[in-house]
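Residue-level structure breakdown
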Amino acid sequence: MHALTIVRIDPMTYQRVLGDELRKLRKQRGWTRKVLQGKLQTEVSLQTLATYELGTRQCSVVRLAEICLALDAMPHDLLARVHGRIFTDAPGEHIRLELSRVVEDAQPELLPLRRWARDRLRAANARTAEVQLDLPALEQLAELCGVDTVDLMGRLRQVMTR
């Protein structure tokens, strides 16, 4: 019998990485969103395509398959790349954070991050929710905190080892 491992998916991260992979695929083809829009079987607005790529809107499985096929890509291959980016432990690719530890940290520069973590905990109704931040998310948070990305990563690693 295999031991079951509980894997938690952070929906916001998953959507953002999925959108990033969709955007990469479209750009590899040299297509604009308008070109992609013209190749889809169903009508999808440019705004909707943009929100999929930004990860700010969920994409149905059927719509994802339609977009992938229009891009001449297999949906399972795209999802495998998303899975690899989210669930692999390659050093430097991401950092796992316990949100409660972030909230308890007192570094003044990380105030925006503490607020974000507090909001995430409230939304999750949990005390020890864990999230995984990939490099693009870390870059955005570093900008929000007014620190360098490498500096932020070092600070967060210290927070997690205390």
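Structural data are supplied above this passage.
Note that the structure is predicted; figures quoted are calculated from it, not measured. (Residues numbered from 1 in each chain as written. Predicted model: local features only at pLDDT ≥ 70, side-chain atom pairs only at ≥ 80, totals over all residues. Heavy atoms only, no water.)

On a plain count of helices and strands, the protein comes out with nine helices and two strands. Order of helices (α) and strands (β) in the protein, N terminus to C terminus: α-α-α-α-α-β-α-α-β-α-α. Put simply, the protein has 162 residues, and 42% of those count as buried. Counted over contacts in the protein with a minimum sequence separation of 6, partners at least 24 positions apart contribute 64%. (Helix = DSSP H or I, 4+ residues; strand = E, 2+ residues; numbered from the N terminus. Buried < 20%, exposed > 50% of the residue type's maximum accessible area, 1.4 Å probe, protein only. Contact = heavy atoms within 4.5 Å.)

Here we come to the pairing of strand E2 (residues 130-134). In terms of residue burial, E2 counts as a mostly covered element, since four of its five residues are buried. By the bridge criterion, five bridges tie strand E1 (residues 94-98) to E2 in an arrangement that is antiparallel. If you follow arginine 96 over to E2, its bridge partner there is glutamine 132. (Pairing = 2+ DSSP bridges.)

What follows is about empty space enclosed by the protein. All chains considered together, the criterion is met by two cavities of 30 Å³ or more. Of the volumes computed, that of the largest cavity is approximately 40 Å³. Residue lining of the largest cavity: Leu22, Arg26, Leu36, Leu49, Tyr52, Glu53, Ile67 and Leu71, and that is the complete set. Every element with two or more residues in the lining of the largest cavity is listed here: helix H1 (11-28) and helix H3 (46-54). The element contributing the most residues to the lining of the largest cavity is H3, with three residues. Of the residues that constitute the lining of the largest cavity, the class distribution is six nonpolar, no polar and two charged. Computed from the structure, the second largest cavity encloses a volume of approximately 30 Å³. Around the second largest cavity, the lining residues are Gln15, Leu18, Gly19, Tyr52, Gly55, Arg57 and Cys59. If one sorts the elements of the lining of the second largest cavity by residue count, H1 sits on top with three residues. In terms of residue class, the lining of the second largest cavity is built from three nonpolar, three polar and one charged. (1 Å grid on protein atoms, 1.4 Å probe; cavity = no way out; pocket = protein on both sides within 12 Å on 5 of 7 lines; lining within 4 Å. Points joined across faces, edges and corners; volume = space filled by probe spheres on them. Nonpolar A, V, L, I, M, F, W, Y, C, P; charged D, E, K, R; others polar.)

Our next topic: the nonpolar core. Soluble globular proteins tend to bury their nonpolar side chains together. Membership of the largest hydrophobic core comes to 23 residues, with the highest contact counts inside it found for Leu97, Leu113, Leu133 and Leu152. Counting 19 residues, the second-largest nonpolar core is a separate cluster that includes Leu36, Leu71, Ala73 and Val82. (Core = buried A, V, L, I, M, F, W, Y, C linked by side-chain atoms within 4.5 Å.)

Tracing the backbone through its elements, the reader meets tryptophan 31 in the loop between H1 and helix H2 (33-39). As a C-alpha pair, tryptophan 31 and leucine 71 span 40 residues in sequence and 9.2 Å in three-dimensional space. With near-sequence residues (within four places) excluded, tryptophan 31 lies in contact with Arg26, Leu36, Lys39, Ala70 and Leu71. A distance of 3.5 Å separates the side chain of tryptophan 31 from the backbone oxygen of arginine 29, its partner in a polar contact. (Polar contact = N/O pair within 3.5 Å; in protein donor to acceptor, adjacent residues only side chain to side chain.)

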